[in-house]
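# Coordinate analysis (summary)
The primary structure of each chain is shown beneath.
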Amino acid sequence: MKKLLIIDVAALGYELLRAGGRLEFDGLRFAPAEGVFPALTCTVQASFRTAGPPAGHGMVANGRFFRKLARVMFWEQSAGLVGGRRLWHGFRSRGGRVGMLFWQQSLGEDADVLLSPAPIHKHHGGMIQDCYSAPAGLYQSLCEAVGGRFNLMRYWGPLASAKVGDWIAAATAALLLDGKTAPELCLTYLPTLDYDLQRFGPAHKRSTATLARLFDQLRLMLAAAKRNGYQVLIFGDYAMSACAGGPVFPNRALCESGLLRTRSISGMSYLDLHASRAFALADHEIAHVFVRNAQDIAPARQVLANLPGVAEILDKDSQKAAGLDHPNSGELVITADGGRWLAYPWWSKNSQAPDYARHVDIHNKPGYDPCELFFERFGWPPMCVSSDASRVRGSHGTAGPGRQVAWAATFDLGQPTGSLIELAEAVRTWLDAP
């Protein structure tokens, strides 16, 4: 039975490696590949596991708008959110075991080994840190092997750091060394680069140091893979670009036009998705704009066309050409100009911000918020997250010059013709070959 370790590395862009002189590593040479659009974690991972575009699997962003509920949900983990046949279907049907470590939307997946953060949020505040694992005792055994528990505070928020990659790399290596539990196909995820590249930008010295830390983590996993007869594929899910131009606020524009509605509660402004005619689900450099009635599409488009920092507006025909035409997509999809990103807030004064704006609250915010990577310099309550979107220095989500991702493999995948989806299809073919 073939054995393969697939390592998805957040923000592993080809230009980042080229500029840092890192295209060769431990006998591997990284090659460029065109990414998936939108270039977002959940979208790319869904495209890789199905070897298909978002139009097929439906994971069109890191968040979803459920129209019947009038509710936005970000970072939900059910595998049922991802449609399509998995690239390991044939491999598993022949007896190959599959494992997924820290991949998004993995809970309930057609796999034998699973590990994913799954904290318990207490009713009166606070959190019990834990991970979901299958088999049930896997998390505990990996904690013992690594020498400590997984720290969710290092995975996201102002304390997020490359240390979380150290834990995941060590846990992955420990799993490969476990002759009883180790799956023949293991997919793992390293978020190591994600934090400093967003905080400081790809060219900052802090990001350069984090890149070196990443290669230490890769070296550990490569050694474990070699010792246990695994081939290895490393790929980046997106490339990060510098954000010198600052944020763009599509929901503010929609609110000022009257298309987006809010409720004032104790002086705070909360989104009213039941009454809003249009709103933008902002996610890094792209946003899905959901418009309730067809007659409001043109007015919404005009508002956004007049907003400085919006680069493109994709209607359904344009989305079809981009492989994004799925019922989960917005009536419009907008992208940010180079060097800018799309922020979710609709309020203009900090005093109007909803309560969750000042906290790490990835599930309640109706948009991705990289400000959660920073503590507020001067704010209340103490230790709250920043409300200053201008502090963000790196983002991703769109394609363009310098936005190719990097990949390398220890084995022959034939000649993938240049995209991540084609690379995934080549992996499927390799797994299915005798």
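Above this text you will find the structure in question.
So, a few notes on the structure that sits alongside this text.

Thresholds, definitions, all that
- Here, residues in each chain are numbered from 1, in the same order as that chain's written sequence.
- Reporting in this predicted model follows two pLDDT cut-offs: at least 70 for local features of residues, and 80 or more for side-chain atom pairs to be given and counted; totals over whole chains, interfaces and linings ignore these cut-offs and use all residues.
- For the side-chain quantities, the full set of heavy atoms in the structure was used; hydrogens and water were omitted.
- Between buried and exposed lies partly exposed: a residue is buried under 20% and exposed over 50% of the maximum accessible area for its type, with that area taken using a 1.4 Å probe on protein chains only.
- Where helices and strands are cited, they refer to DSSP runs of H or I of at least four residues and of E of at least two residues respectively, numbered from the N terminus.
- Here the arc refers to the set of directions running from the helix axis out to each C-beta atom.
- Here a residue-residue contact requires only that any non-hydrogen atoms of the pair lie within 4.5 Å.
- We define the nonpolar core as a collection of buried residues of types Ala, Val, Leu, Ile, Met, Phe, Trp, Tyr and Cys that are connected through side-chain atoms lying within 4.5 Å of one another.
- Cysteine sulfurs are considered disulfide-paired once they come within 2.5 Å of each other.

What follows concerns helix H9 (residues 250-257). At 3.6 residues per turn, the α-helix brings residues three or four places apart onto the same side. Every buried residue of H9 is listed here: Pro250, Asn251, Ala253 and Leu254. Down the axis of H9, the sector holding all buried residues measures 160°, keeping them to one side. Residues of H9 that are buried make contact with strand E15 (246-248), strand E18 (278-283), strand E19 (286-291), helix H10 (297-305), strand E21 (332-336) and strand E22 (340-342). Positioned one or two residues after H9, Gly258 has a phi angle of 90°, which is positive.

Now for the environment of Gln415. Structurally, Gln415 is set in the loop between strand E24 (405-409) and helix H12 (420-432). In sequence terms Gln415 and Ala426 are 11 residues apart; their C-alpha atoms lie 8.2 Å from each other.

On to unusual backbone geometry. A cis amide bond links Phe37 with the next residue in sequence, Pro38, at an omega value of -5°. Note that Pro38 resides in the loop between strand E4 (31-33) and helix H2 (41-50). For the bond running from Ala134 to Pro135, omega is 0°, close enough to zero to count as cis. Tracing the backbone shows Pro135 in the loop between strand E11 (131-134) and helix H5 (138-146). Even without glycine at this site, Ala11 takes up a positive phi of about 65°. When you line up the elements, Ala11 lands in the loop between strand E1 (4-9) and helix H1 (14-19).

Core analysis: the largest hydrophobic core is formed by 143 residues, its most contacted members being Phe30, Phe48, Phe102, Phe150, Leu218, Leu233 and Leu254. With 9 residues, helix H6 (residues 163-177) is the single largest residue contributor to this core. Discounting chain neighbours no more than four positions away, the residues touching Leu254 are Leu259, Leu260, Ala278, Phe279, Ala280, Val289, Ala300, Val303 and Leu304. Among the nonpolar cores identified, the runner-up in size contains 8 residues, and Phe37, Leu40, Ala61 and Leu314 belong to it.

The next thing to look at is the state of the cysteines. Tallied over the full model, the rule gives 0 disulfides. In this structure Cys143 is a free cysteine whose sulfur lies 7.0 Å from that of Cys131, the closest cysteine sulfur available. Summary of cysteine pairing: Cys243 is not part of a disulfide, and the nearest cysteine sulfur, belonging to Cys371, is at 11 Å. When its relative accessible area of 3% is taken as the criterion, Cys243 is described as buried.

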